[in-house]
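Spelled out from the first residue to the last, the chains are:
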Amino acid sequence: MKVMKFGGTSVGRPERMHHIASLVTKETEPTIVVLSALSGTTNALVEIGNNIARGDREGARETIAKLEAHYRAFVSELVKSDEAVAKAQQIIDDHFEFLTIILRISFSEALSKDILAQGELLSTKLFSVYLEEQGIPHTLLPALEFMTIDSYDEPQIGSIKVKLSQQLEQHKDKKLFITQGYICRNAKGEVDNLKRGGSDYSASLIAAAINASACEIWTDIDGMHNNDPRIVKKTVPVEQLSFEEAAELAYFGAKILHPASIWPAQQYSIPVKLLNTMQPDAKGTLITANAASVGVKAVAAKDNIIAIRIKSSRMLLAYGFLRKIFEVFEKYRTPIDMITTSEVAVSVTIDSSAFLKDIIKELEPFGSVEVDEGQSIISVVGNEISQTSDIIKRLFGSILNIPIRMVSYGGSPHNISLLVPAAQKDQILQQLNKGMFGLE
Ligand code: ADP
Ligand code: ASP
Ligand code: MG
């Protein structure tokens, strides 16, 4: 079996849904198709949740009405037969009635997750109506019945595997399955999600759970590019990446992949392909255990980084100091991205301010604590890059004008990370495009 995941823009217009139906039916191998919500929907659902949380029911009502009108127009072009139109309209009726009822309920975290789940439920059900109208046999698999996360929000591959195979067992005669990306159930059994962009993660988890022959991520660009195409004009696709390289790029800001989407595929040795829905014949990017070549492949940037420096003369010649520092972050379940040390100070970065106040308070007994918000991590990723000659010269040579707050080098053979002021991120990415890749 294989997995094909289509993102928001790939399903965002009726003609695109028609197009992906032709892509998924070309397959001879049994396929699980994972869909995101139509582009713009999850943002609108976030807005509805925020409006309700603020007590702005009128604002929520307006956004719901706009979204509903969008879906009504969408189905009018998606399907033609009276029967299919009636079915699609009924689906819209049900989901928007649910959103309207929610307006009368007092806000809770769980409620906001229920709101967020509507996007993927709608896209998959509407796609199923279209496939049915076209006479394409398929089965809709409800992700909420197999995709689960534990009390630490970690997906449970073992139980996903068991539940998903039980569902597949019931449809042995079928070759085409459609399911929702992003949504899942949490340890309390409530509807939850795998965080923004999580459909990639769903696809990779499903691919791991069924030991798929490949996990294809179909999106609006022809693979992982060497630099962020939203910021830098001239970027080029990278043909092949190792799991480690792809994971570093995803984690350090390449939006094409959810930050956690690589590990399930890596753990189960499933090739991941990044492909372009609008140009299905483009090569895209192949991600496997094999890096294919040595050297720098791409750069990415991660925003909203907070740097924390703890200075203490007690660190001098002391042991156990770092452990005590790290225990504070562990206590607040806040991952550290970068670390640099000197004899009397240690700097770390985090990307979540959720427990910043508590963390600072607990760090203060160890020494003076300085916090810099508004930083970005720039990551230069490749294979055996530390052994690539003149890499350091080219890297620093291309950004001589930039104040660098931290440098992490040698932690892995795949990555060099720099911490810089967020305001200079765009300029740095542009300069690196020229200095590292000779692209202007
Ligand atoms: P989808 O809705 O299909 O999941 P996303 O918007 O999440 O698509 O991801 C695709 C987008 O990622 C591209 O349109 C591109 O703007 C952005 N992106 C950021 N960095 C990169 C990169 N290094 N290579 C390719 N795309 C990137
Ligand atoms: N619809 C979700 C989002 O916009 C998940 C995804 O598209 O991957 O974040
Ligand atoms: Mg995405």
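Residues numbered from 1 in each chain as written. Chains lettered and ligands numbered in written order. Predicted model: local features only at pLDDT ≥ 70, side-chain atom pairs only at ≥ 80, totals over all residues. Heavy atoms only, no water.

**So, unusual backbone geometry**
Piece 1. Of note, Lys195 is a non-glycine position whose phi angle comes to about 75°, a positive value.
Piece 2. Relative to the elements of secondary structure, Lys195 occurs in the loop between strand S6 (191-193) and helix H8 (199-209).
Piece 3. A positive phi angle, near 50°, is found at Glu384, a position not held by glycine.
Piece 4. Tracing the backbone shows Glu384 in the loop between strand S14 (368-383) and helix H13 (391-397).
Piece 5. In this structure Glu384 comes out as partly exposed when scored by relative accessible area, which is 27%. (Helix = DSSP H or I, 4+ residues; strand = E, 2+ residues; numbered from the N terminus. Buried < 20%, exposed > 50% of the residue type's maximum accessible area, 1.4 Å probe, protein only.)

**Considering the site of ligand 1**
Piece 1. The local shell around ligand 1 holds 16 residues, among which Lys5, Thr219, Asp220, His225 and Lys255 are the closest.
Piece 2. Interatomic distance of 2.8 Å between a side-chain N/O atom of Lys255 and an oxygen atom of ligand 1.
Piece 3. Here an oxygen atom of ligand 1 and a backbone polar atom of Ile256 are 3.4 Å apart.
Piece 4. Against a free-state accessible area of 570 Å², the protein chains account for coverage of 87% of ligand 1.
Piece 5. Residues belonging to the shell around ligand 1 are distributed by class as follows: five nonpolar, six polar and five charged. (Near = heavy atom within 4 Å. Polar contact = N/O pair within 3.5 Å; in protein donor to acceptor, adjacent residues only side chain to side chain. Areas by Shrake-Rupley, 256 points an atom, 1.4 Å probe, with all protein chains shown as cover. Nonpolar A, V, L, I, M, F, W, Y, C, P; charged D, E, K, R; others polar.)

**Focus on the site of ligand 2**
Piece 1. Near ligand 2 the following residues occur: Ser36, Ala37, Thr42, Glu120, Tyr182, Arg196, Gly197, Gly198 and Ser199.
Piece 2. With respect to ligand 2, the side chain of Ser36 contributes an N or O atom lying 3.2 Å from an oxygen atom.
Piece 3. Contact distances for ligand 2 include 2.7 Å between an oxygen atom and a side-chain N or O atom of Arg196.
Piece 4. Notes on ligand 2: free accessible area 260 Å², of which the protein chains cover 86%.
Piece 5. Split into classes, the residues belonging to the shell around ligand 2 amount to two nonpolar, five polar and two charged.

**Quick look at the sheet that holds strand S4 (residues 176-180)**
Piece 1. Spatially, eight strands are ordered S3-S4-S2-S1-S7-S9-S10-S8 in an open sheet, and the strand pairing comes out mixed. A strand with exactly one partner marks an edge of an open sheet, and here the two such strands are strand S3 (139-141) and strand S8 (240-242). Across this sheet, the average inter-strand angle for adjacent strands is 20°, counted without regard to direction.
Piece 2. Pairing geometry for strand S1 (residues 2-6) and strand S7 (residues 215-219), over four bridges, is parallel. Residue pairing across strands places Phe6 opposite Trp218, the latter belonging to S7.
Piece 3. Along the sheet face, helix H2 (residues 14-25) touches S1, strand S2 (31-35), S4 and S7 and points at about 170° away from the line of S1. (Pairing = 2+ DSSP bridges. Axes fitted to C-alpha atoms, helices over the stretch in contact; angles between N-to-C directions. Contact = heavy atoms within 4.5 Å.)

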